[in-house]
Amino acid sequence: EKGGFDTFMAKEIHEQPQAVADTLRGRIDEQGQIVLDEVRMSDQDFRDIDKVFIVACGTSYHAGLVTKYAIEHWTRIPCEVELASEFRYRDPVLDRSTLVVAISQSGETMDTLMAVRHAKDQKARVLSISNTVGSTIPRESDAVLYTRAGIEVAVASTKAFLTQLAACYLVGLHLAQVRGIKYADEVSAILDELVAAPGKIAKVIENLDPVREMARECAASGERVLFIGRHVGYPVALEGALKLKELAYLHAEGFAAGELKHGPISLIEAGTPVVAIVPSPRGRSLLHDKIISNIQEVKARGAKVIAVCEEGDKITAVHADFVIETPASPTLLAPLLTAVPLQEFAAELATALGRDIDQPRNLAKSVTVE
Ligand code: M6R
C-alpha cells in the first residue's frame, strides 16, 4: 500500500507531479478559459467582486498566503488571507461583493467551516478548494474547485499542498479572465508554465539526495532551524517550518527575511541552520539582491545557510554554505518547486530523530473540532 516506500509521506511526496497534473487536467478549455467544477455564481457575480478573503488553517493557510500574491497581481482585487480560526471573531467587513475562498484538503475542518458559515451569513460569496468531493465545505459553497491529489494518508500535508497551489492559481486566473484580463499575455504565459510545472516538480524530486544529507547533518546537531523568505518565498518558509515542527518535534520558525533585523536575528548563534528561499535572480532581481543581503547578515553571525535557489544561481552559490537547486520558474509559481525540498528535509530530519513520520504525536489528519 506504500508502493515500495517506507512511509506514506515519502510515497505522497513522489506522487506530487502526477497530482498536480491531475489537478490541472481538463480545467483549461480550448479557448484557454479556466473551468470550475461547481459554480452557483454567474460571471456577473464574479465581476462584481471587489475584495477577496482567503480563509484556511495550517498548510492550507500557507497555500492561501501564496495565492494572495497571485490574485492581487493578476486581478488587482485586494486580497486578504486569514486564519480561519480568527476570521469570524473579529467581525470582518463582508458583503455580496466579497469573495471568500476557503481552502481545505479534508473539506471538514471545523474552523474553516465556521468561517464559511459566517461569510455566508454576511451574504458574501464562497468559493472552496478541497480535495474531498461532497465534503461539508464544498457543499456549503457557491462555487467549488476540487484538487485531485487522491487520498493523502500522512498527517503532514504534501501533495494536497501542491495541488492546492495549482487550484489556487487557476482560481486567480479564472477571476482575471472573468473580469477582463489586464495582463492577457502574462496570463497565457502563466498557463503554459503551470502546465509545465509537473515535469519540473519531478526534476526536483529526482535530486533530493543532497537535501537528505543536509537534514541528517542538522539532526545530528539537534539545533533549531530557521527559515527565511521574501514575497512568495515567505509562505514557503512558514510551510518549511511547520513541516519540521510537526514531524521532528523541533523548534522551527519561518520569517519574512526583512523582519530579521527587527528581532529574530538575535536567535542566530554559531552553527544555527538557516534555510533561505531565494527567488530567481532573473526579472525581480531586487528581491534576489535583498535576500542575498539577508544571507550575509545571518552568516556574519555564524549561521549555516542552506539556500533553495534557481539552478545556475551563481551569486547564491558564493554566499550560501549549501545550495539546493530548483528549475527556473516564474516567481509566482516558484512555490510549486521550492516547497518540495523542504518537505523532504523535514521528513529526513525527523526520520534521523526516530520520529513517526506518518502519524506524528498529538496530531489528527482532519481537525473537526474548533
Ligand atoms: O483539511 P484541511 O486542509 O482543512 O487541514 C488544515 C490543516 O489542519 C492541515 O493543513 C495541517 O496543518 C497539516 N497537518 C499540515 O501538514
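Before reading further, recall that the structure is shown in the block above.
Remember, it's a predicted structure, so these values are computed and weren't measured experimentally. (Residues numbered from 1 in each chain as written. Predicted model: local features only at pLDDT ≥ 70, side-chain atom pairs only at ≥ 80, totals over all residues. Heavy atoms only, no water.)

(A) Highlighting the site of the ligand. Around the ligand sit 14 residues, and of these Ser-60, Ser-104, Gln-105, Thr-109 and Glu-246 come closest. Contact between the ligand and Ser-106: an oxygen atom at 2.7 Å from a side-chain N or O atom of the residue. Computed on the free molecule, the ligand has an accessible area of 410 Å², of which 89% lies beneath the protein chains in the complex. For the shell around the ligand, the elements supplying multiple residues, two or more each, are helix H4 (58-75) and helix H11 (233-248). Of all the elements, H4 adds the most residues to the shell around the ligand, at three residues. For the shell around the ligand, a count of residues per class yields three nonpolar, nine polar and two charged. (Near = heavy atom within 4 Å. Polar contact = N/O pair within 3.5 Å; in protein donor to acceptor, adjacent residues only side chain to side chain. Areas by Shrake-Rupley, 256 points an atom, 1.4 Å probe, with all protein chains shown as cover. Helix = DSSP H or I, 4+ residues; strand = E, 2+ residues; numbered from the N terminus. Nonpolar A, V, L, I, M, F, W, Y, C, P; charged D, E, K, R; others polar.)

(B) Representation of the environment of Gln-44 within the structure. The topology assignment puts Gln-44 in helix H3 (residues 43-47). Gln-44 gets classed as partly exposed once you look at its relative accessible area, which sits at 41%. Along the sequence, Gln-44 and His-251 sit 207 residues apart, while their C-alpha atoms lie 48 Å from each other. (Buried < 20%, exposed > 50% of the residue type's maximum accessible area, 1.4 Å probe, protein only.)

(C) A look at the packing of aromatic side chains. For the coordinates displayed, the defined rule picks out three aromatic pairs. Consider the rings of Phe-53 and Phe-87, whose centres lie 5.5 Å apart with planes at 70 degrees: the pair is edge-to-face. Taken together, the positions of Phe-53 in strand E2 (residues 51-56) and Phe-87 in helix H5 (residues 84-87) put the pair 34 residues apart, joining distant regions of the chain. A single burial state applies to Phe-53 and to Phe-87, both of which are buried. On the basis of an interplanar angle of 85 degrees and a centroid distance of 6.4 Å, the ring pair of Phe-227 and Phe-345 is categorised as edge-to-face. Of the two residues, Phe-227 is situated in strand E7 (residues 225-229) and Phe-345 in helix H14 (residues 335-352); the sequence distance between them amounts to 118 residues. Here Phe-227 and Phe-345 have matching classes, each one buried. A cation over an aromatic ring shows up here: Arg-361 above the ring of Tyr-249, its NZ or CZ 3.9 Å from the ring centre. (Phe/Tyr/Trp six-rings, centres within 6.5 Å; stacked < 30°, edge-to-face > 60°. Lys NZ or Arg CZ within 6 Å of the ring centre and 35° of its normal.)

Purely geometric stuff here, so don't read any function into it on its own.
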